[in-house]
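Below, each chain spelled out in residue letters.
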Amino acid sequence: MNIFNFITSTLLFFFLVFVNLFFTQNTKKNTYLLLIAFMIRMFYGFIKHDFGLPVYYPDAVSFLTSIFNNSVYYGRRDVNFFVKLFSFLAFIFHNEKLLILLNVTISNISIVYIGKISRIIFESRNSEFWTMLLIIISPAYFFYTTDFLRENYVLFFIIIAVYNFILYLNNGAKKNLFLYFVFSILSGLSRSVNIPILFLIGFIGILIQKLNSISNFFRKLLYAFTNFLLIILLLGFVLNILNIHLNLNFINAQLARDQLNLQNVYLKGFRYENWYELFIFLPIRVLYLLFYPFFWKPSNYINMTIVTLSSLYYFCSIFLLIIGYRQLKKYLSNNRKANISIKFIFLFLIVGICIYAIVKSESGARHSLQFMWALSIPLGFILEKMEYNFKKLY
C-alpha cells in the first residue's frame, strides 16, 4: 500500500471514529461496541483478501473485476450504476483494500443509524445498545457486508430512508418525509425493484399515521378509501416510469429470469397460474426466501455456514419476539408515537419480505437482509427489559 492509500485509509478510519464519538453522540459502551465491530470486520475483510478465502457470491468477484477494468457488468441499468460509481473510486485509489475499508465503514454507519432508530422509538440508550449488538452478531449482516456486494449500499440507503420516516412520524417534519422518498430512490438506483416497494410502504405508513389522528369511524373509513385510491394511482405512476407491469406475465418473467441466469435458485419451473396461487403459495415462498438453500443442500461449505447460522439466528429472533411480545405491547399501549413507529417497522418488514418472496427465485439471505434488519429494533427493546428483570432478581 503506497503512502497515498495509507493516508486515505487512515482518514477513513478516523472519519468513522468521528461519526461514532461526535455525530452520533453515543455512550462509551455503544461507541466501544461499534469500534470493536468495525475492527473485527475490517481485519476479516483484509484476511479474506490476503489469503484468497472464497467469497459467498460470484457477484463480489464480478463487481471488483468490472470496477477495476471500468467495464460494464451484465448490462443491467441498476447494476451498471453501482459499477460506474465505484469505478470512479477505483480510478482514484486503485486499491482493493481501501474499497474493503470503505465497504466496512458504510456498513458500520448503517449500524449506527439502526441504533438511532431504536433510540428515537424507545427513548433508551440501553435499547439502542441491544439493537446494535443484535445486528452486529447477525451472520447474514456480518458475511454479506464484508463481501463487495451492492446490497451493502442498497441497505445503507434503505436504513437512512427508514430513519427519516421514523423522524417524520415523531416530529411531523415534511423535510424528513421528503428525504425518505429521496433515499428510497437512491436505494433503487442499485436495485430498481426497491423504489415501488419503499414508495408503497411509505404511502401506507402515511395513511396509518393519519388514520390514528381521526376518531370518527365514518370519517376514518372515508379517508382510508379515498387515500387507498390515491395510493393506487401514485403507485401506478411510479411503476409506469420504471416500466414495471403489475400482472402475472411480468411476475412470471422475473421468476424465469432468475431461474435461467442464476445458479442457486429455488422452486425451479414454478409459475403463477392465477392470482389465487400468488397468495396461497406466499407462506411457502417466504420460508424459501428466508432459509433456502437449506443446510442439507448447500452450494458450498461457505454458503452452508452462512445459511445454517442465519437460519438459527432468524429462528431465535422470532422465538424471542414471541416470548417478549407482551412486554412490547404493554409499552406501546402507553406510548402513541412509539406505537405508530413500530407499526411502520413491522409494515416495512412484512411488505418487503412478502414482495421479494413473490418476485424472486434466487436463494441466499442478501435479499431478505434488506428488510430483516428491522427485526432487531423491537428485539433490542425486549432484551433491554429482560436485562432489567434479570438485574431485579439478582
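Look up: the structure comes first, before these words.
Structural notes, computed from the coordinates.

## Side note on the overall build of the protein
Phase 1: Summing up its helical and strand segments, the protein has 18 helices and zero strands in all.
Phase 2: Once local pairs closer than 6 in sequence are excluded, the contacts in the protein between residues at least 24 apart make up 73%.
Phase 3: For the protein, the accessible area works out to roughly 19200 Å², and carbon and sulfur atoms hold 70% of it.

## Some words on a nonpolar patch on the surface
Phase 1: Where nonpolar side chains cluster on the molecular surface, the patch consists of Ile 318, Phe 319, Ile 322, Ile 323 and Met 386 and spans about 480 Å² of accessible area.
Phase 2: It is helix α15 (residues 301-333) that contributes the most residues to the nonpolar patch, four residues altogether.
Phase 3: In this fold, Ile 322 is placed in helix α15.

## Details of the packing of aromatic side chains
Phase 1: All chains considered together, the criterion is met by 22 aromatic pairs.
Phase 2: Where Phe 122 meets Phe 381, the ring centres are 4.6 Å apart and the plane angle is 15°; that geometry is what we call stacked. With Phe 122 in helix α5 (residues 96-122) and Phe 381 in helix α18 (residues 376-393), this pair connects stretches of sequence that are 259 residues apart.
Phase 3: Assessed through its relative accessible area of 5%, Phe 122 is described here as buried.
Phase 4: Members of the aromatic cluster, each reached through a chain of ring pairs, are Phe 165, Tyr 168, Tyr 180, Phe 181, Phe 199, Phe 203 and Phe 344.
Phase 5: Positioned over the ring face of Phe 129 is Lys 29, at 4.4 Å from the centre of the ring.

## Topic: the nonpolar core
Phase 1: If you look at the biggest cluster of nonpolar residues, it comprises 98 residues, and the most contacted ones within it are Ile 117, Ile 201 and Trp 373.
Phase 2: Per element, the largest residue contribution to this core is 15 residues, and it comes from helix α8 (residues 151-171).
Phase 3: The contacts of Trp 373, once residues within four sequence positions are left out, are Ile 114, Ile 117, Ile 135, Leu 155, Ile 158, Ile 159, Val 162 and Phe 348.
Phase 4: Formed by seven residues, the second largest nonpolar core is a distinct cluster that contains Phe 38, Met 42, Phe 46 and Leu 98.

## Regarding the pattern of salt bridges
Phase 1: Per the counting criterion, the structure on display carries two salt bridges.
Phase 2: A salt bridge links Arg 119 to Glu 128, with the nearest nitrogen and oxygen atoms 3.0 Å apart.
Phase 3: The partner of Glu 128 in a salt bridge is Arg 125, and the shortest N-O contact between them spans 3.5 Å. With Glu 128 and Arg 125 both in helix α6 (residues 125-136) and three residues apart, the pair spans about one turn of that helix.
Phase 4: Residue classification places Arg 125 among the partly exposed positions, given a relative accessible area of 30%.
Phase 5: Salt bridges here are not isolated pairs; linked through shared partners, they connect Arg 119, Arg 125 and Glu 128.

## A short note on α8
Turn by turn, an α-helix covers 3.6 residues, leaving residues three or four places apart pointing in a common direction.
Phase 1: Its 21 residues place the ends of α8 30 Å apart at the C-alpha level, agreeing with the 30 Å of an ideal helix rising 1.5 Å per residue.
Phase 2: Of all 21 residues that make up α8, 19 are buried, and the element is covered over most of its length.
Phase 3: Gly 172 sits one or two residues past α8 and shows a positive phi near 70°.

## Re the packing of α5 against α8
Phase 1: The N-to-C vectors of α5 and α8 enclose an angle of 20°; their axes lie 9 Å apart at closest approach. Put simply, α5 runs roughly parallel to α8. Crossing angle aside, the handedness with which α5 passes α8 is left-handed.
Phase 2: For the contact of α5 with α8, the per-class residue count stands at 17 nonpolar, five polar and one charged.

## Some words on the side chain of Asn 194
Phase 1: Locating Asn 194 in the fold gives a position in helix α10 (residues 194-212).
Phase 2: Classification of Asn 194 by relative accessible area gives buried; the value is 0%.
Phase 3: Within polar-contact distance, the side chain of Asn 194 engages the side chain of Gln 370 at 2.9 Å.
Phase 4: Filtering out sequence-adjacent residues up to four positions away, Asn 194 remains in contact with Val 154, Ile 158, Ser 187, Tyr 356, Gln 370 and Phe 371.

## Section: the packing of α10 against helix α16 (residues 336-359)
Phase 1: Running from amino to carboxyl end, α10 crosses α16 at an angle of 150°, the nearest separation of the two axes being 10 Å. In terms of orientation, α10 and α16 fall into the roughly antiparallel class. The element α10 and its partner α16 pack so that their crossing is right-handed. For the pair formed by α10 and α16, the contact residues are Asn 194, Ile 197, Leu 198, Leu 200, Ile 201, Ile 204, Gly 205, Ile 208, Gln 209 and Asn 212 on the first element and Arg 336, Ile 340, Lys 343, Phe 344, Leu 347, Phe 348, Val 351, Gly 352, Ile 355 and Tyr 356 on the second.

Rules used throughout
Residues numbered from 1 in each chain as written. Predicted model: local features only at pLDDT ≥ 70, side-chain atom pairs only at ≥ 80, totals over all residues. Heavy atoms only, no water. Helix = DSSP H or I, 4+ residues; strand = E, 2+ residues; numbered from the N terminus. Contact = heavy atoms within 4.5 Å. Areas by Shrake-Rupley, 256 points an atom, 1.4 Å probe, with all protein chains shown as cover. Patch = residues over 30% accessible without salt bridge, like charges linked within 9 Å, V, L, I, M, F, W, Y side chains within 5 Å. Salt bridge = Lys/Arg side-chain N within 4 Å of Asp/Glu carboxyl O. Phe/Tyr/Trp six-rings, centres within 6.5 Å; stacked < 30°, edge-to-face > 60°. Buried < 20%, exposed > 50% of the residue type's maximum accessible area, 1.4 Å probe, protein only. Lys NZ or Arg CZ within 6 Å of the ring centre and 35° of its normal. Core = buried A, V, L, I, M, F, W, Y, C linked by side-chain atoms within 4.5 Å. Expected span 1.5 Å × (residues − 1). Axes fitted to C-alpha atoms, helices over the stretch in contact; angles between N-to-C directions. Parallel < 35°, antiparallel > 145°, perpendicular 65-115°, else oblique. Left-handed = near helix turned anticlockwise from the far one by under 90°. Nonpolar A, V, L, I, M, F, W, Y, C, P; charged D, E, K, R; others polar. Polar contact = N/O pair within 3.5 Å; in protein donor to acceptor, adjacent residues only side chain to side chain.

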